[in-house]
Amino acid sequence: MGDGEPRVPTAIAVTSADLALPPQDERTLPAAVLQDVDRRPLEHVLAELQSLVDQHGHVIVVCSLAVPASVERRLHTVRALLETDRIALFRPPLPPLGIAVLARQLRQLASCDLSPGVLASAGRLLTHYIHAGALLGSVARLDHVPVGLKAHARSWMPGSQFGVVAHPVPQLVRIGPEAALTGPEFGTWLLVAKGQHPTDWVTGSLAPSWHVQGLRETALPAESATWWGTGRLTEFCAYLPDLSVLYQLVTSVRRSTCHWCGIDVIGDRCVFCSATPPVYDGGAGGADRDRALGHRRDPALGRRRERRALTG
């Protein structure tokens, strides 16, 4: 998977130890765990991230939408204080177990000959191939998937269970003899994280209906109860396990150069500096655009529309 000069792999960081899943294969690199970033002294977190940047060149922090706001603020503060575009804060719209799976896929790919910008962009691409959901005892406090009034009412009935898919397409069914959820149309493995709920329907009904090629169990992430709105759940995630398939997916996408920071990316947004492709006004034509791209940091060259907000 690529020969070339020896390099230090990009660091993949997560915000809690339970998001650092065991290696999928012998090439899966360890995760950097940024534990309690909102509780430790700021200077300690600064030193930790600066050390990771010094050692690895670039750091990709994969962060759940369920983390407390204080964690997100601290990460943004540290990135701003370090004045660096070498730290990417990536918060995909996945439940916590899906976040852990995606982080592990990036850890697998970090061992390959992918540049930091392409690796960071790969997170957006691979998110589309993750099917994440849960078996819930209640949907009364579920905010991430549309819940009808009937389902809300049934949540209060003793013994009610609901099968939910949050990503890529929201689905919700009440568990019964005919209950079914639409799964991936390609071969996947299923990771199951058991909380305060039996796993029988997930392992006995869902897994066969999704034709999974393998099944593994892991501990439920601490953030899952917050994300799903209940502690009575079993979380599951279908994913692509093979490094060769992940690598082929990523390398088959056309690469471009970020017009702002100059690194290689795939897709329409740089995860490190958050710049999107510029839009030029007027009829100057391709030659003027090329000249502007050759001077990426000069704001006077053309009127460019840039989104400089940190990646969300």
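What is the right way to read helix H1 (residues 42-56) from this model?
For the α-helix, the turn length of 3.6 residues means that residues three or four positions removed from each other point alike. If you check H1, its first and last C-alpha atoms are 21 Å apart, about what 15 residues at 1.5 Å a residue would give, namely 21 Å. Buried residues along H1 sit against strand S1 (11-14), strand S2 (32-33), strand S3 (59-62), helix H2 (69-82) and strand S4 (87-90). Within two residues after H1, Gly57 carries a phi angle of roughly 85 degrees, on the positive side.

So what exactly am I meant to see when it comes to the confidence of the model for the protein chain here?
Considering every residue of the protein chain, the mean pLDDT works out to 83; 82% of them sit at 70 or more. Low confidence marks residues 1-5, where pLDDT is under 50. Its contacts with residues over four positions away, or in another chain, come to nine contacts. Here residues 282-312 is modelled with pLDDT under 50, and outside its nearest four sequence neighbours on either side it reaches 62 contacts, counting other chains as well.

Help me out: how do you make sense of the packing of helix H3 (residues 96-109) against helix H4 (residues 116-127) in this one?
One can describe the packing of H3 onto H4 by two numbers: an axis separation of 10 Å at closest approach and a directional angle of 135 degrees. Viewed along their axes, H3 and H4 adopt a mutual orientation that is oblique. Crossing handedness for the pair H3 and H4: right-handed. Residues Leu102, Gln105, Leu106 and Leu109 of H3 form the contact with H4, whose participating residues are Leu119, Ala122, Gly123, Leu126 and Thr127. When its residues are assigned to classes, the contact of H3 with H4 shows six nonpolar, three polar and no charged.

Help me understand the sheet that holds strand S8 (residues 189-194), please; the structure alone is not making it clear to me.
Strand pairs in the sheet, formed through backbone hydrogen bonds, run parallel or antiparallel to each other. Taken in spatial order, the six strands make up an open sheet running S7-S6-S5-S10-S8-S9, and their pairing is mixed. Looking at which strands have only one partner, the edges of the open sheet turn out to be strand S7 (171-174) and strand S9 (214-219). Along the sheet, successive strands turn relative to each other by an average axial angle of 20 degrees, direction set aside. Strand direction decides the pairing type here: S8 and S9, joined by six bridges, are parallel. When the bridges of S9 are listed, Trp189 appears paired with Gly214. Running at roughly 30 degrees to strand S10 (residues 233-239), H3 makes contact with S8, S9 and S10 of the sheet.

Cut-offs applied
Residues numbered from 1 in each chain as written. Predicted model: local features only at pLDDT ≥ 70, side-chain atom pairs only at ≥ 80, totals over all residues. Heavy atoms only, no water. Helix = DSSP H or I, 4+ residues; strand = E, 2+ residues; numbered from the N terminus. Expected span 1.5 Å × (residues − 1). Contact = heavy atoms within 4.5 Å. pLDDT = per-residue confidence, 0-100. Axes fitted to C-alpha atoms, helices over the stretch in contact; angles between N-to-C directions. Parallel < 35°, antiparallel > 145°, perpendicular 65-115°, else oblique. Left-handed = near helix turned anticlockwise from the far one by under 90°. Nonpolar A, V, L, I, M, F, W, Y, C, P; charged D, E, K, R; others polar. Pairing = 2+ DSSP bridges.

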